[in-house]
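Next come the chains, spelled out residue by residue.
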Amino acid sequence: MDPQQAQIEAKVFRRLLAHLDHRKDVQNIDLMGHSGFCRNCLSDWYSEAAAEEGMSIDKATARERVYGMPYDDFKKEYQQPATEAQLQLMNDSVAKNKLP
């Protein structure tokens, strides 16, 4: 990969994390329902990318990087119970993620 492209993509990722940090009011269930991914997905992708580079980053560390705080703290402070409508929208959205 071109180093300049990698630098740009790194900046975009940091901006995405800053945006999600600013918008803690947006629930993961809503992200899943409308986009098919959430902060937890980003954490998983972060760990997977690290593994591809020969680094081992556990789930808790990756989540703390994405959430900007320990995951349990984020859940206590910001996560709301999901409604049936949110769960249905999420399930429909996630079904679209399945490759044929």
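Shown above is the structure to which this text applies.
Engineer: Describe helix 3 (residues 39-52), listing the residues and the values that go with them.
Structural biologist: Under the 1.5 Å per step criterion, the end-to-end length of helix 3 is 20 Å for 14 residues, consistent within 8% with the ideal 20 Å. Those residues of helix 3 that fall on the buried side of the exposure criterion are Arg 39, Asn 40, Cys 41, Leu 42, Ser 43, Ser 47 and Ala 50. Positive phi shows up at Gly 54, right after helix 3, with a value of about 85°.

Engineer: Let's hear about a negative patch on the surface: which residues, and what values?
Structural biologist: A surface patch of like charges, here negative, comprises Asp 44, Glu 48, Glu 52 and Glu 53. Inspection of the secondary structure assignment puts Glu 53 in the loop between helix 3 and helix 4 (59-67).

Engineer: Describe the packing of helix 1 (residues 3-22) against helix 4, and please don't skip the residues or the numbers.
Structural biologist: In contact at an axis separation of 8 Å, helix 1 and helix 4 are set at 75° when each is read in the N-to-C sense. On the basis of their axis angle, the class for helix 1 and helix 4 is roughly perpendicular. Seen from helix 1, the contacting residues are Phe 13, Arg 14, Leu 17 and Asp 21; seen from helix 4, they are Arg 65, Val 66 and Tyr 67. Of the residues belonging to the contact of helix 1 with helix 4, the class tally is four nonpolar, no polar and three charged.

Engineer: Let's hear about the packing of helix 2 (residues 28-35) against helix 6 (residues 84-95): which residues, and what values?
Structural biologist: Closest axis-to-axis distance for the helix 2/helix 6 pair is 7 Å, and the angle between their directions is 45°. Judged by the inter-axis angle, helix 2 sits oblique to helix 6. By crossing handedness, the relation of helix 2 to helix 6 is classed as left-handed. Between helix 2, through Ile 29, Asp 30, Met 32, Gly 33, His 34 and Ser 35, and helix 6, the contact on the second element is made entirely by Gln 86, Leu 87, Leu 89, Met 90, Ser 93 and Val 94. For the contact of helix 2 with helix 6, the residue count by class is six nonpolar, five polar and one charged.

Engineer: Quick rundown of the pattern of salt bridges? Include the residues and the values.
Structural biologist: For the structure shown, the criterion picks out three salt bridges. Between Asp 25 and Arg 23 there is a salt bridge, and its shortest N-O distance comes to 2.8 Å. With its nearest N and O atoms 4.0 Å apart, the salt bridge here joins Asp 72 to Lys 75. Here Asp 72 and its partner Lys 75 are both found in helix 5 (residues 71-78), three residues apart, which amounts to about one turn of the helix. Residue Asp 72 is classed as partly exposed on the basis of its relative accessible area of 48%. The class for Lys 75 is partly exposed, based on a relative accessible area of 31%.

Quick notes on the rules
- Residues numbered from 1 in each chain as written.
- Predicted model: local features only at pLDDT ≥ 70, side-chain atom pairs only at ≥ 80, totals over all residues.
- Heavy atoms only, no water.
- Helix = DSSP H or I, 4+ residues; strand = E, 2+ residues; numbered from the N terminus.
- Expected span 1.5 Å × (residues − 1).
- Buried < 20%, exposed > 50% of the residue type's maximum accessible area, 1.4 Å probe, protein only.
- Patch = residues over 30% accessible without salt bridge, like charges linked within 9 Å, V, L, I, M, F, W, Y side chains within 5 Å.
- Areas by Shrake-Rupley, 256 points an atom, 1.4 Å probe, with all protein chains shown as cover.
- Salt bridge = Lys/Arg side-chain N within 4 Å of Asp/Glu carboxyl O.
- Lys, Arg positive; Asp, Glu negative; His and termini not counted.
- Charge placed at Lys NZ, Arg CZ, Asp CG, Glu CD.
- Axes fitted to C-alpha atoms, helices over the stretch in contact; angles between N-to-C directions.
- Parallel < 35°, antiparallel > 145°, perpendicular 65-115°, else oblique.
- Contact = heavy atoms within 4.5 Å.
- Nonpolar A, V, L, I, M, F, W, Y, C, P; charged D, E, K, R; others polar.
- Left-handed = near helix turned anticlockwise from the far one by under 90°.

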